[in-house]
Amino acid sequence: MAPTRGWSITGASLEALLCIPRNVFAIIWAVEVMTGEEFAISLGDENRAALERLGRLSAAGEAPQELTIERLLRIALKNELEASEVAAMWMSTTSELDVKLAFARQTGDEAKHYRLIADRLKALGVDADRIDPREGGYSPLFDYLRALQSTTARVAAGQFTREGIALVRNQCFIDFCEGLGDVETAALYRDVIQPDERQHHELGRRFLVLFAATENEQQVARDAARRTLELAEEIQEVARLKAGISRAPGC
Ligand SMILES: [Fe+2]
Ligand SMILES: [Fe+2]
């Protein structure tokens, strides 16, 4: 479906204010609304500034001695599980077929990432089968995302923005691994996980073009993206302050 340019009535009829007869002015002004394509570019620009800040937070300061790759990979398991679970819930409750199938694909990809990370932990000597990432509860971001009902909000928050965050955080983690000489973990993220996350983000962009083509839907998308970034930033800051684990990868 090609994006269409829409028009939105934002002004009230002047007749009530100036007593102009209805047949003189039916509509007093209309404001051009961005196309879905233009909106996706604009939201991408808006997200970029926040993501750069998040990237700086992720890489901020000296990494503490106790910050190990094993510890960060345990956090990655939680992120992957949450990403898979949200996508699975959305898959069953999204009516648009192409979006439903995209969530199905994402559910599988994130579960695959979980398994690959668990295997990497085992190679590093950790008994990953004994890890249950649900211990300690789900994150506030998970709770926020799972409650979203609108398809536009879901693709804006869960795919376009959350996966954009994952790309930034994963890159910080890759740099951290390379700095410690762990080329295998770095390669897993760079060559296998990151291309999937990029694909999820790209699907989100494609759906935004289709679904965020009216002023209303654009506001829904913008609000969902902003809240997702706020929650991610809060989580990041809390992690940095409390445990020094800000270099943890995304989903
Ligand atoms: Fe992902
Ligand atoms: Fe993932």
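Rules and cut-offs
Residues numbered from 1 in each chain as written. Chains lettered and ligands numbered in written order. Predicted model: local features only at pLDDT ≥ 70, side-chain atom pairs only at ≥ 80, totals over all residues. Helix = DSSP H or I, 4+ residues; strand = E, 2+ residues; numbered from the N terminus. Buried ≥ 20, exposed ≤ 12 C-beta atoms within 10 Å, placed from the backbone. Contact = placed C-beta atoms within 7 Å. Core = buried A, V, L, I, M, F, W, Y, C linked by C-beta atoms within 7 Å. Axes fitted to C-alpha atoms, helices over the stretch in contact; angles between N-to-C directions. Parallel < 35°, antiparallel > 145°, perpendicular 65-115°, else oblique. Nonpolar A, V, L, I, M, F, W, Y, C, P; charged D, E, K, R; others polar. Expected span 1.5 Å × (residues − 1). Bend = angle between axes of the 7 residues up to and from the residue. pLDDT = per-residue confidence, 0-100. Left-handed = near helix turned anticlockwise from the far one by under 90°.

### Considering the overall build of the chain
So, step 1. Along its length, the chain carries eight helices and two strands.
So, step 2. Counting from the amino terminus, helix and strand elements in the chain follow one another as β-α-β-α-α-α-α-α-α-α.
So, step 3. Counting every position in the chain, which comprises 251 residues, the buried fraction comes to 39%.
So, step 4. Nonlocal contacts in the chain, meaning residues at least 24 apart in sequence, comprise 79% of its contacts between residues at least 6 apart.

### A short note on the nonpolar core
Nonpolar side chains tend toward joint burial in soluble globular proteins.
So, step 1. One finds A156, F173, L208, A221, A224 and A225 to be the most contacted residues of the largest nonpolar core, which totals 58 residues.
So, step 2. For this core, the secondary structure elements donating two or more residues are α2 (36-58), α3 (69-93), α4 (97-123), α5 (140-147), α6 (151-179), α7 (183-211) and α8 (215-243).
So, step 3. Tallying contributions element by element places α6 first for this core, with 13 residues.
So, step 4. Here F173 is in contact with L72, Y189, R247, A248 and P249, once residues within four sequence places are set aside.

### Side note on the packing of α3 against α5
Think of two packed helices as two axes; the pair is described by the angle between the axes and how far apart they sit.
So, step 1. It is the contact of α3 with α5, at a shortest axis distance of 10 Å, that shows an interaxial angle of 10°. On the basis of their axis angle, the class for α3 and α5 is roughly parallel. For the pair formed by α3 and α5, the contact residues are E82, V86 and M89 on the first element and F142, L145 and R146 on the second.
So, step 2. The residue makeup of the contact of α3 with α5, split by class, is four nonpolar, no polar and two charged.

### Considering α7
So, step 1. Taking 1.5 Å of rise per residue, the 29 residues of α7 would be expected to cover 42 Å, and the 40 Å separating its terminal C-alpha atoms lies within 8% of that figure.
So, step 2. Of all bends in α7, the biggest is about 40°, found at I193, and the proline P195 comes one to four residues later.

### Brief notes about the confidence of the model for the chain
So, step 1. On average, residues of the chain score 87 in pLDDT, and 82% of them reach the 70 mark or higher.
So, step 2. Mean pLDDT across the elements of the chain bottoms out in strand β1 (residues 7-9) (48) and peaks in α4 (98).
So, step 3. Here residues 6-15 scores under 50 on pLDDT; set against residues more than four positions off or in separate chains, the count is 24 contacts.

### Considering the packing of α3 against α4
So, step 1. At a minimum axis distance of 8 Å, the contact between α3 and α4 shows a crossing angle of 160°. Between α3 and α4, the angle falls in the class roughly antiparallel. In the crossing of α3 with α4, the sense of the turn from one axis to the other is left-handed.
So, step 2. Its residues placed into classes, the contact of α3 with α4 shows 16 nonpolar, four polar and five charged.

### Comments concerning the environment of G204
So, step 1. Here G204 is to be found in helix α7.
So, step 2. By the C-beta count within 10 Å, which is 28 here, G204 ends up buried.
So, step 3. Between the C-alpha atom of G204 and that of G164, which follows or precedes it by 40 residues, the distance is 9.6 Å.

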